[in-house]
Every structure is written in C-alpha cells, then in structure tokens.
Amino acid sequence: MKIQPTGKIWKNGKLIDWEDATVHVMSHGLHYGTGVFEGIRCYDAAAGPAIFRLKEHMKRMLLSANSINMKLPYGMTELSNAAKETVKANKLRSCYIRPIAFYGVQGVGVNPMGYPIEVFIVAFELGAYLGDEGMKNGIRVHTSSWHRIGGGMVPATAKACGDYLNSALAVMEAKQNGFDETIMLNELHMVAEGSGENLFMVKDGRILTPPLNAGILPGITRDSVMKIAEDMGKDVVEQNIARSELYLADELFFTGTAAEVTPIREVDRRPVGDGRPGPVTKVLQTKFLDIVRGKDKKYLAWLDPVK
Ligand code: PPE
C-alpha cells in the first residue's frame, strides 16, 4: 500500500521532519527483528478527530515490549500524548498511526541487552486495507502452507517486528496464487489468523473465533467486535476451528485496525455461504464503522479526542 509522506514524525520525544526519520543500517532491530510496533486508527469523528482505543493499543505495545524483554523508555501516558501530538502536528483528521520501538546501534551480535532503544511514531492517511471493493463484497482467501509461529518459538501474542516475517511469507504466497489474503493454521493445524487480521466464523447463528492460545495476536478490533456482538445479544464463543470447518461456515470475516471488518467471500476456492457478505458480518461491520466515527454514544469512551 502506497502512502503519502506527512510533515512530522515523533522520535524519542521530539518532532522531526519526515525526511530526517532515518535509521542506521547497523540498527539491531533491522538485522534481528528486535522491536515492537502498533497500528492505530484515528477517525474523523462527529466531534473532531479521535483515536480509537488509544490506551489499549499503547498498553499492548508495552506488553509486547515486556514479552520480548525490552523496557520501553516511555509509559502509557507519554506514548498516548505523543500519538495525539503527531496527529495534530500533521493536521490530519483521519489517519493510521504507527508507533515503533526497536534496538538501535551499538555493536554486532544477536544479544541486544544494553543497546539504545529508539521510539518513533508516524501518522499518515490510509484507506481500506483490503480495498473498498473487499469491504463491500468480500475478499478471496486461501489456507497458507506456512504455519503461524507458535508460542514456544517466539511470544506469538506480541506485536513484535521479527514475527512478521511469518506473516509476510504467508501473504506473499497468497498474492502469488491470486488470493487477497491468507489464513494461517497453528502448529496443531487449527485456524489461527490472517497475516494482519483476526478471523471470525458464523455458523448456525453462533459467532466463533479462535482463542488466544491458538497463537493469535490479541486483536483490539477482535475485542471490540466481540463486545459489540454481545451487546447486540449475540453469543461469541472462543473456540478452536479446524480448516475443514471453514468450508461449513455460513459467514467468515476478518477484523483488524487496518482491515476494520472485512467480509470473506471465498476460502480455498469454495464460496462462503452464498458467496456474498452475510447478515451478521454486515450488521457488525456497519455498527463498527458507526462506532469508530462517534455515531454511537454508547461507545464514545472508545474514542480519544485529539484536541
Ligand atoms: N493479527 C495480526 C497478525 C495483526 O498484525 C493484526 C493487526 C491483527 C491480528 C488485528 O489486531 P488489531 O489491529 O489490534 O485489531 N495488523 C495491523 C496491520 C499490519 C500491517 O502493518 O500491515 C493493523 O491492522 O494495524
């Protein structure tokens, strides 16, 4: 996805120019993937630009850092304020925010202990991650031949940079085979998630999603959609899903900050339901898109105004 440069980037407590936000080639994080990041959306809400579930995202960033044994030099409040400052400095109304922290330059060798930690926050405009057409009519996915990394190899529940080689391989394979996205299975051959999305399945009126110990990222959109569905009186069950069960689904959809709620219309060349976004997916997608834009008073606490 191409992005347009914006004016300012937050680096270690200061706003610097977009062009100056460069990284030295000897950065530990570049060589070994030793970093953590976040993806957050800011929406042009009814009462002005507002960041969706900002605190939860920054909390996850701190927990991801803790999981990879990294102590971030900033806390929740500093990171949250910095994100707002970055949006404001660029006069953005609706955007994607990418905080990232990684080990910088000191020497060479796999052990990063004692290396400086660099923290950046970038904000830029971002459209529909899986396309407007995908949002409306659903996307085509396949089952990846790459298994999702497991918790015995890396902290699979952390949003850690190195973990994304796994996602990148899986999504490249999907694209090379003519699909829009991929579904990865875990080491136990159970459904885990997409390359950058969590998965939900609707079957006989029940909403199912893999549990955290299936080796998934604890998605904030996943959590939001579960709460929204429950508030609508729909049961959501965290349950392991086998690959073959995907073929019996009435509906499948992905959730993610970037992907929001994206319907899946085809899996492994088999239509999902009647091959069009189903009623549960549509109602949850509409509700979610209303909530993030501040159109539903009940969920205003999820929006953090930038002003
Ligand atoms: N699983 C993975 C592997 C993942 O990367 C994401 C976010 C999710 C689930 C959904 O989590 P949440 O955003 O909290 O609902 N993926 C990010 C996109 C990665 C990219 O840079 O591209 C995102 O949606 O921001």
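Use the structure listed above.
Throughout what follows, the structure given in this document is the object of discussion.

How each quantity is defined
- Residues numbered from 1 in each chain as written.
- Predicted model: local features only at pLDDT ≥ 70, side-chain atom pairs only at ≥ 80, totals over all residues.
- Heavy atoms only, no water.
- Core = buried A, V, L, I, M, F, W, Y, C linked by side-chain atoms within 4.5 Å.
- Buried < 20%, exposed > 50% of the residue type's maximum accessible area, 1.4 Å probe, protein only.
- Helix = DSSP H or I, 4+ residues; strand = E, 2+ residues; numbered from the N terminus.
- Contact = heavy atoms within 4.5 Å.
- Patch = residues over 30% accessible without salt bridge, like charges linked within 9 Å, V, L, I, M, F, W, Y side chains within 5 Å.
- Areas by Shrake-Rupley, 256 points an atom, 1.4 Å probe, with all protein chains shown as cover.
- Salt bridge = Lys/Arg side-chain N within 4 Å of Asp/Glu carboxyl O.
- Polar contact = N/O pair within 3.5 Å; in protein donor to acceptor, adjacent residues only side chain to side chain.

Regarding the nonpolar core
Judged by nonpolar contacts, the single largest core of 26 residues is most densely connected at C42, I51, L72, V87, C95 and I97. Those elements that place two or more of their residues in this core are β4 (40–45), α2 (54–67), α3 (76–89), β6 (95–103) and β7 (117–124). In this structure L72 touches M61, L62, A65, L79, A101 and I117, once residues within four positions along its chain are discounted. Counting 22 residues, the second largest nonpolar core, distinct from the first, contains V202, I207, V225 and V261.

Describing a nonpolar patch on the surface
Together, V25, M26, L30, Y32, V105, V108 and V110 line one region of the surface with nonpolar side chains, adding up to about 650 Å² of accessible area. Counting through the fold element by element, Y32 comes out in helix α1 (residues 28–32). Y32 sits in the partly exposed class, given a relative accessible area of 34%.

As for the side chain of E266
Turning to its location among the elements, E266 is positioned in strand β15 (residues 260–267). Within the local environment of E266, its side chain forms a polar contact with the side chain of R140, the two groups lying 3.1 Å apart. Once you skip the residues sitting within four places of it in the chain, E266 turns out to touch I139, R140, V141, F179, P271 and V272.

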